[in-house]
Amino acid sequence: MAWVVDEVEVGREEQREVYRTLDLALRIGEVLLSSGAGTADATATILSVAAAGGLRGCEVDITFISITIAYQAAPDIAPETHLRVVRYRGLDYSRLTAVDRLVRQFAAAEITREEASRELARITSAGPPYPRWSSVVAWGVMAGGATLLLGGGWLITLVAVVTAVLIELSNRWFHRQRLPAFYQQVFGAFLATAVALGLYAVDAPVKPSLVVAAGIIMLLAGIALTGAVQDALTGYYVTASARTLEAMLLTGGIIAGVSLGITVGIKLGLPIAIEAQTIQLTNLPIMTFSGALMAVAFAFASYAPLRSLLPIAIVGALGSLVFTMMTRVEFGPAWATAAAAFVVGLGGYSLGRRSGVPPLVVVVSGTVPLLPGLTIYKGLFEVMSMGSLTGVVSLATAVAIGVAIASGVILGEYVAQPIRREARRLEDRLAGPRLVGPRRPIRQRPPRAEKSVRRKRRKV
């Protein structure tokens, strides 16, 4: 009778081992999804963690807000299914980088599952690595870099910095009040437009439209469009649709805020003669420096590790340089942006891996200078104040630029990361570029935490 009890205890312990491994994989997947990683990357990482924990043949299904994983130990045993809901989203690249390093350590058997679980709990519960006020200042610096990129002087740059800081502070306050992100976008865009209208009303010797463009770029930077296009290209159409809808909703908030500001100006009797400025191509060094500054400021505002700032600056500068040169030879804005994004994706993969951070951190930061802030403002200005159909074309161009950024980056990743034959053994859809997680499939290994259970079974 004693051997039956021991057998039952062994079975329960094995079930606990399976649960602990699946729970670790789900928690890691939650961090990746909440940080903007693509569904293909999250799925491959979850499968890698499960395989490293001794569970082979798991099935993973991800929607925009939930992760489901199923494991069947034998054909005649009912599968075990677990679900985890993604309850938060935000840009914290320090957390993403730490989890990526944790996954690689666990896959290489450098740490046990229990150690990985404790480290993951510490990562997710820890605060940001930098003071919060420094992140707010970084958002302002990014907006200042945008005005420099668009040909603004020192005075309008200072105004853009102050405006961006006010927008970020107000958005953080709204977030603490549980106000949805859509309304935060509306208020931020309206605030930037109101500042521009005030500058025009007092006849300030600046280009007020650059304040609006910088505010739009700042608000666009937090939208995970790259993940949406990556999901669509890798066959995850459900999550791609959800991410696209979210991006459209947040962008719609920006459009609503700017439109409201222009309408208020018209009602107050202001002529709204805010000319949409064209990009100045005569000073290439300043534009290249501005692109690097914007990329670094965004990365720092998103708590990226300090060691990643130099690669991000290089990628941001290269992207701005390619965009400028392509524009000079009279390529369209979408094709010029696509070429620049391709260079960002090409360099972001190798530089990101060399600096010990996920390529996603370098790539997303490097594309910030390419965001179509001025194009969106120009289209809205033409539609609202002049009733011109040219504004519709400008808005359509902004959409094309957004798609060009995401698709160009992913194409660069495809070229930079060779598709290995063994990757198809993991899953056919995961043979594309990997922006987060291990690059190779994980071989099954017996975790050290399970050895005592196996010894106990042999004794029985």
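Cut-offs and rules
Residue numbers run consecutively from 1 along every chain, following the written order of its sequence. Local features are withheld for residues below a pLDDT of 70 in this predicted model, meaning they are given only at 70 or higher, and side-chain atom pairs are given and counted only at 80 or more; totals for whole chains, interfaces and linings count all residues. Where side-chain values are given, they derive from all heavy atoms of the structure, hydrogens and water being excluded. In short, DSSP must find at least two bridges between two strands for them to pair. The way it works is that DSSP assigns letters per residue, a run of H or I at least four long becomes a helix, a run of E at least two long becomes a strand, and they are numbered from the N terminus. Only C-alpha atoms enter the line fits that serve as axes; for helices the fit covers just the stretch in contact. Angles between N-to-C directions range over 0 to 180 degrees. Only rings of Phe, Tyr and Trp enter the pairing, Trp through its six-membered ring, and a pair is recorded when the two centres are within 6.5 Å. The plane angle decides the type: under 30 degrees is stacked, over 60 is edge-to-face, the rest tilted. Any residue under 20% of the maximum accessible area for its type is buried, any over 50% is exposed, and the rest in between are partly exposed; the area is computed with a 1.4 Å probe on protein chains only. The term salt bridge refers to a side-chain nitrogen of Lys or Arg lying within 4 Å of a carboxyl oxygen of Asp or Glu. Roughly parallel means an angle under 35 degrees; roughly antiparallel means over 145; roughly perpendicular covers 65 to 115; every other angle is labelled oblique. Whether a crossing is left-handed or right-handed is set by the direction in which the near helix is turned from the far one by less than a right angle, anticlockwise for left-handed and clockwise for right-handed. The contact definition used throughout considers only heavy atoms, calling two residues in contact when any of these lie within 4.5 Å. Put simply, a patch holds well-exposed residues, over 30% relative accessible area, that have no salt bridge, with like charges counted together within 9 Å and Val, Leu, Ile, Met, Phe, Trp or Tyr side chains within 5 Å. Exposure was quantified through the Shrake-Rupley algorithm and a 1.4 Å probe, taking into account, for residues, occlusion by the shown protein chains and nothing else. Within 3.5 Å is the distance limit for a polar contact, defined as a pair of N or O atoms, with the added protein rule that one can donate a hydrogen and the other accept it, and that residues adjacent in sequence qualify only through two side-chain atoms. For this classification, Asp, Glu, Lys and Arg are treated as charged, while Ala, Val, Leu, Ile, Met, Phe, Trp, Tyr, Cys and Pro are nonpolar and the rest, including Gly, are polar.

## Quick word on the sheet that holds strand S3 (residues 80-85)
Stage number 1. Strands sit in the order S1-S2-S3 across an open sheet of three strands; the sheet is antiparallel. Looking at which strands have only one partner, the edges of the open sheet turn out to be strand S1 (59-62) and S3. Strand-to-strand twist across the sheet, computed as the mean angle between neighbouring axes with direction ignored, equals 15°.
Stage number 2. Two strands pair when backbone bridges link them, and strand S2 (residues 66-71) and S3 are joined in this way by six bridges, in the antiparallel orientation.

## Considerations on the packing of aromatic side chains
Two aromatic rings, taken as a pair, are described by how far apart their centres are and by the angle between their planes.
Stage number 1. Taken as a whole and judged by the stated rule, the model has seven aromatic pairs.
Stage number 2. Centre to centre, the rings of Tyr-93 and Phe-298 are 6.5 Å apart; their planes meet at 70°, and the pair counts as edge-to-face. Taken together, the residues Tyr-93 in helix H3 (residues 93-107) and Phe-298 in helix H11 (residues 284-301) connect sequence positions 205 residues apart. Of the two residues, Tyr-93 and Phe-298, both sit in the buried class.
Stage number 3. Relative to Phe-298, the ring of Trp-139 lies with its centre 5.7 Å away and its plane at 80°, an arrangement referred to as edge-to-face.

## Comments concerning the pattern of salt bridges
Stage number 1. The final tally for this structure, using the stated rule, is nine salt bridges.
Stage number 2. Put simply, Glu-17 and Arg-20 hold a salt bridge, and the shortest N to O gap is 3.2 Å. Placement of both Glu-17 and Arg-20 in helix H1 (residues 2-34) is noted, with a separation of three residues, approximately one turn of the helix.
Stage number 3. Of the charged contacts, one joins Glu-119 and Arg-122 as a salt bridge, the two residues approaching to 2.6 Å between their closest N and O atoms.

## A word on the packing of helix H7 (residues 181-201) against helix H8 (residues 209-220)
Stage number 1. Across the interface, H7 lies against H8 with an axial gap of 8 Å and an inter-helix angle of 165°. Relative to H8, the element H7 is oriented roughly antiparallel. Judged by the twist between their axes, the crossing of H7 over H8 is right-handed. In this structure, H7 uses Gln-185, Gly-188, Ala-189, Ala-192, Thr-193, Val-195, Ala-196 and Leu-199 to contact H8, whose residues at the interface are Val-211, Val-212, Gly-215 and Leu-219.

## Quick look at unusual backbone geometry
Stage number 1. You will see that Arg-178, though not glycine, has its phi angle at about 65°, which is positive.
Stage number 2. Summarising the element assignment, Arg-178 is placed in the loop between helix H6 (154-176) and H7.
Stage number 3. Even without being glycine, Tyr-303 reaches a positive phi, approximately 60°.
Stage number 4. Among the structural elements, Tyr-303 can be located in the loop between H11 and helix H12 (309-328).
Stage number 5. Judged by its relative accessible area of 7%, Tyr-303 falls in the buried class.

## Details of the pairing of S2
Stage number 1. Strand direction decides the pairing type here: S1 and S2, joined by four bridges, are antiparallel. Paired with Asp-61 across the strands is Thr-68, a residue of S2.
Stage number 2. The hairpin turn running from S1 into S2, its antiparallel successor, is three residues long.

## Thoughts on a nonpolar patch on the surface
Stage number 1. A grouping of Trp-154, Leu-155, Leu-158, Val-162, Leu-166 and Leu-169 is seen on the molecular surface, where their side chains present a nonpolar patch of about 620 Å² in accessible area.
Stage number 2. Counting through the fold element by element, Leu-155 comes out in helix H6.

## Some details on the environment of Thr-157
Stage number 1. Along the chain, Thr-157 turns up in helix H6.
Stage number 2. In this structure Thr-157 comes out as buried when scored by relative accessible area, which is 12%.
Stage number 3. Along the sequence, Thr-157 and Lys-207 sit 50 residues apart, while their C-alpha atoms lie 9.9 Å from each other.
Stage number 4. Sequence-distant contacts of Thr-157, defined by excluding residues within four places in its chain, comprise Gly-144, Thr-147, Leu-148 and Gly-152.
Stage number 5. A distance of 3.0 Å separates the side chain of Thr-157 from the side chain of Thr-147, its partner in a polar contact.

## Let's talk about the packing of H11 against helix H14 (residues 359-366)
For any two helices packed against each other, the geometry is given by the interaxial angle and the distance between the axes.
Stage number 1. As a packed pair, H11 and H14 sit with axes 8 Å apart at the nearest point and diverge in direction by 130°. Regarding the angle of H11 to H14, the classification is oblique. Remark: the crossing between H11 and H14 carries right-handed chirality. Contacts between H11 and H14 involve Ala-295, Phe-298 and Ala-299 from the former and Val-364, Ser-365 and Gly-366 from the latter.
Stage number 2. The residue inventory of the contact of H11 with H14, partitioned by class, reads four nonpolar, two polar and no charged.

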